[in-house]
Amino acid sequence: MNSIQDFNTIVDKDIYGGKAYWLSWLNQNNYNIPPAIFIPINFSTTNNGTQKKVSDFFKKEIKLKSVKFAVRSSATTEDGTFSSQAGIFNSLTNISSIELAVSKIPEIQNNKDFVGVIIQQYIEASYSGVIFSTNPNTGNKNDILINFTNGNSENLLNGDEIGKEIKISNSEIDKIYEISCELENSILYELVKLTKEIENKLDYPVDIEWCIDSKTNKLFLVQCRPITNLNFITTELVKVDVENIDKIPQEIQTNDKVKLRLNASKNNVLTTNAYLTLVNKKDYNKLNILELVDEQITQNKLNLGYCEVLIKPSTLNGGVLRMFSANSNKNLAERIDEMLKLTFREYWQAVIIFHELYDLHYMGIIKKIQSDYLIEVSHGGFIQKGITEFSQYIINSELIIQRKNELTQKFAYEISNGKIEAVAIDKKIELSENLLAKIIKTFAPFIEKNLTIEFGISKCSEDYTPYLIDYIEDKTNISLKSISDGVVSHGNITGKIVNIDINNEWSKSIQTHFHDGKDYTGISQNKYENIIFVANKPHISLVEILEKYDNKKIGFIFKEASILSHLCILLRENKIPAIISSKYFKNEELIDINT
């Protein structure tokens, strides 16, 4: 059907374009739009009946006296689910007659064979703008954004005017009459309610152009389209390596966990297999996650299970969402599904990265300090969390051990059936000079770039081949002499002692990651006093203290501490004084740290 159609029929996107389709959809669903007529693509205005048909339609719908018109593009590539093409095609407004409007059809189509045309009543507006049913910047469906201006919105939409902005949360909708706003509260309420209603009907987020008739104070919707940046082109599971880089959205490639594995792949550095699950909410109900996992995942004999982390959105309810599963596709699919359910309560997209977890013989951290190498290593995992005993080695540029401090480890932290357990081992941590040299050579591409490298050596690795677990950019400076003197982070502070018992909080630290932060509610501090916290180890969960307290007014003393653990790096980044000392300190005792 390639004839002229009016807004009382839902038109075909492929014939009349995306904009025409959405206007006809709005009208058929009883939303108030200005009367409009749709000209198909490849339409010839040499047809003498065009002007009469357009004129007859508008005579039937409205009184033509003093009415003005808008002539707008409606390309088949416009206002789609994955591409809006907003602002690319022509629109002409404030046209004084039907005859003039019809004469503009060739100008709008501009010899393009995929551009339809809309002729629509032009509303003289008191206010107009755009409403987003979901925050387009964060993807949070609980936030509604409205951008508006006085009069008509041509300058607002083409970027010549900034306009005024209102943000309303879902919880505020029923209290909207209490909001102080230039728009009438009844109009604002109607606009927000119908926008969320449209979002719920379509099950994806939309942005809607609207205006208020200056003569009747009536609300009109003049355009509707999906918010395209909140939908992936496909829902899929992708292995993270350079061969699949074209399947990974650009914004996801920059995520630290993804970038790590892409860089490892480029530099031929061994790491565990990792996969991305990219899911749109609109695809979720028809998605068979176990089937998706079964198609992609081959069981690895080295693998104990998986760690799953939600990376888009980066946080949920103020924290990082992280889970662990057993080495079974069924259990992995269950964890992914659990994370998706939680995410889709608030967001339209989810990206989960999950990677294999090996049964570790050793886990370690390595950093270059001047021309030497500092390596700290423990049995089992989670040395970077600051919770385990460890052995420490200093190796020179000739790969010869200069100094070592080998300890006996009392507890190792291991993964079993998707859970992390503390296992008593009472075992000395000893690495040979050859193995230490192998570790340095393996990670040479990264060690020279101010990166602190976290690595593992699997129990099933017959030749003790190290593999990359993670790295973090670490530009903090500390000398080998400072380390031997028990300095964790340089600085000077005099303050009262507060002892913290965190021995039973290892599981909390495992769930906390570098730069995660939450509120710490344990201790009060007035603005005049300094506090020096004393703890057995630098558990990463203590990062909560950094979030709550003035970093210039706190210090730390640890009984023992991995210099390269996450918390110790953060202390140096924030210039918070910290030392290692086995001395006993009483609460409220006033002491001085001067490093």
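Residues numbered from 1 in each chain as written. Predicted model: local features only at pLDDT ≥ 70, side-chain atom pairs only at ≥ 80, totals over all residues. Heavy atoms only, no water.

How do you make sense of the overall build of the protein chain when you look at a structure like this?
When helices and strands are tallied, the protein chain shows 18 helices and 29 strands. At 31 Å, the protein chain has a C-alpha radius of gyration far larger than the 25 Å of a compact globule built from 595 residues. C-alpha extents for the protein chain along the principal axes are approximately 95 × 55 × 40 Å. Burial statistics for the protein chain: of 595 residues in total, 56% are counted as buried. When contacts within the protein chain are restricted to residue pairs at least 6 apart in sequence, those whose partners lie at least 24 apart make up 65%. (Helix = DSSP H or I, 4+ residues; strand = E, 2+ residues; numbered from the N terminus. Rg over C-alpha atoms; globule rule 2.2 N^0.38 Å. Buried < 20%, exposed > 50% of the residue type's maximum accessible area, 1.4 Å probe, protein only. Contact = heavy atoms within 4.5 Å.)

Sorry, what's going on with the pattern of salt bridges here?
A side chain with one charge may pair with a side chain of the opposite charge, provided their charged atoms come close. Under the definition given, this model contains 21 salt bridges. Taking the shortest distance from any N to any O, the salt bridge between Lys 281 and Asp 203 comes out at 2.9 Å. Placement of the pair is Lys 281 in helix 10 (residues 281-284) and Asp 203 in the loop between helix 7 (185-202) and strand 9 (206-213), with a sequence separation of 78 residues. By relative accessible area, Lys 281 is classed as buried at 18%. For Asp 203, a relative accessible area of 25% puts it in the partly exposed group. (Salt bridge = Lys/Arg side-chain N within 4 Å of Asp/Glu carboxyl O.)

Hey, could you run me through the side chain of Asp 283 in this one?
By secondary structure assignment, the location of Asp 283 is in helix 10. The buried category is assigned to Asp 283, whose relative accessible area is 13%. Only 2.6 Å separates the side chain of Asp 283 from the side chain of Thr 235, close enough to count as a polar contact. (Polar contact = N/O pair within 3.5 Å; in protein donor to acceptor, adjacent residues only side chain to side chain.)

Explain empty space enclosed by the protein to me, please; I cannot follow it from the model alone.
A probe matching the size of a water molecule, rolled over the atoms, marks out where space remains unfilled. In the structure shown here, the tally under the stated rule is one cavity of 30 Å³ or more. The volume enclosed by the largest cavity comes to roughly 520 Å³. Taken together, 32 residues make up the lining of the largest cavity; nearest its centre are His 355, Leu 357, Phe 382, Gln 384 and Ile 469. Elements that contribute at least two residues to the lining of the largest cavity include exactly helix 9 (256-266), strand 13 (303-312), strand 14 (322-326), strand 15 (349-358), strand 16 (360-369), strand 20 (408-416) and strand 23 (466-473). Considering every element that reaches the lining of the largest cavity, the biggest residue donor is strand 15, with five residues. (1 Å grid on protein atoms, 1.4 Å probe; cavity = no way out; pocket = protein on both sides within 12 Å on 5 of 7 lines; lining within 4 Å. Points joined across faces, edges and corners; volume = space filled by probe spheres on them.)

Explain the packing of aromatic side chains here, please?
We describe a pair of aromatic rings using the distance from one ring centre to the other and the angle between the two ring planes. A complete count under the given rule lists 17 aromatic pairs for this structure. Judged by centre distance (5.8 Å) and plane angle (85 degrees), the ring pair of Phe 7 and Phe 57 falls under edge-to-face. Here the residue Phe 7 occupies a position in the loop between strand 1 (5-6) and helix 1 (13-16), and Phe 57 occupies one in helix 3 (residues 50-61), the gap between them amounting to 50 residues. Like Phe 57, Phe 7 is buried. These aromatic residues form a ring-pair network of at least three members: Phe 7, Phe 57, Phe 58 and Phe 69. Positioned above the aromatic ring of Tyr 21 is the side chain of Lys 13, whose terminal nitrogen or guanidinium carbon lies 4.6 Å from the ring centre. (Phe/Tyr/Trp six-rings, centres within 6.5 Å; stacked < 30°, edge-to-face > 60°. Lys NZ or Arg CZ within 6 Å of the ring centre and 35° of its normal.)

Where do I start with the environment of Cys 568 in this structure?
Checked against the element boundaries, Cys 568 lands in helix 18 (residues 566-573). The class of Cys 568 is buried, set by a relative accessible area of 0%. As for Cys 568 and Asp 294, which are separated by 274 residues in sequence, their C-alpha atoms are 41 Å apart. Beyond its immediate sequence surroundings of up to four residues, Cys 568 is in contact with Val 488, Pro 538, Ala 561, Ser 562 and Ile 563.

Please explain the sheet that holds strand 27 (residues 554-558) as it appears in this structure.
Working definition: the strands of a sheet are paired by backbone hydrogen bonds and lie parallel or antiparallel to each other. Judged by pairing direction, the sheet is mixed, and its six strands sit side by side in the order 24-28-27-26-25-29 without closing on themselves. Either end of the sheet is taken by a strand with one partner, and the two such strands are strand 24 (487-489) and strand 29 (590-594). Shown here is a sheet whose adjacent strand axes are inclined to one another by a mean of 30 degrees, direction ignored. For strand 24 and strand 28 (residues 578-580), the ladder comprises two bridges, and the chain directions are antiparallel. Note on strand 28: the bridge partner recorded for Val 487 is Ile 579. Sheet strands in contact with helix 18 are strand 24, strand 27 and strand 28, and its direction is about 65 degrees off that of strand 24. (Pairing = 2+ DSSP bridges. Axes fitted to C-alpha atoms, helices over the stretch in contact; angles between N-to-C directions.)

Function cannot be read off these values alone, since they describe shape.
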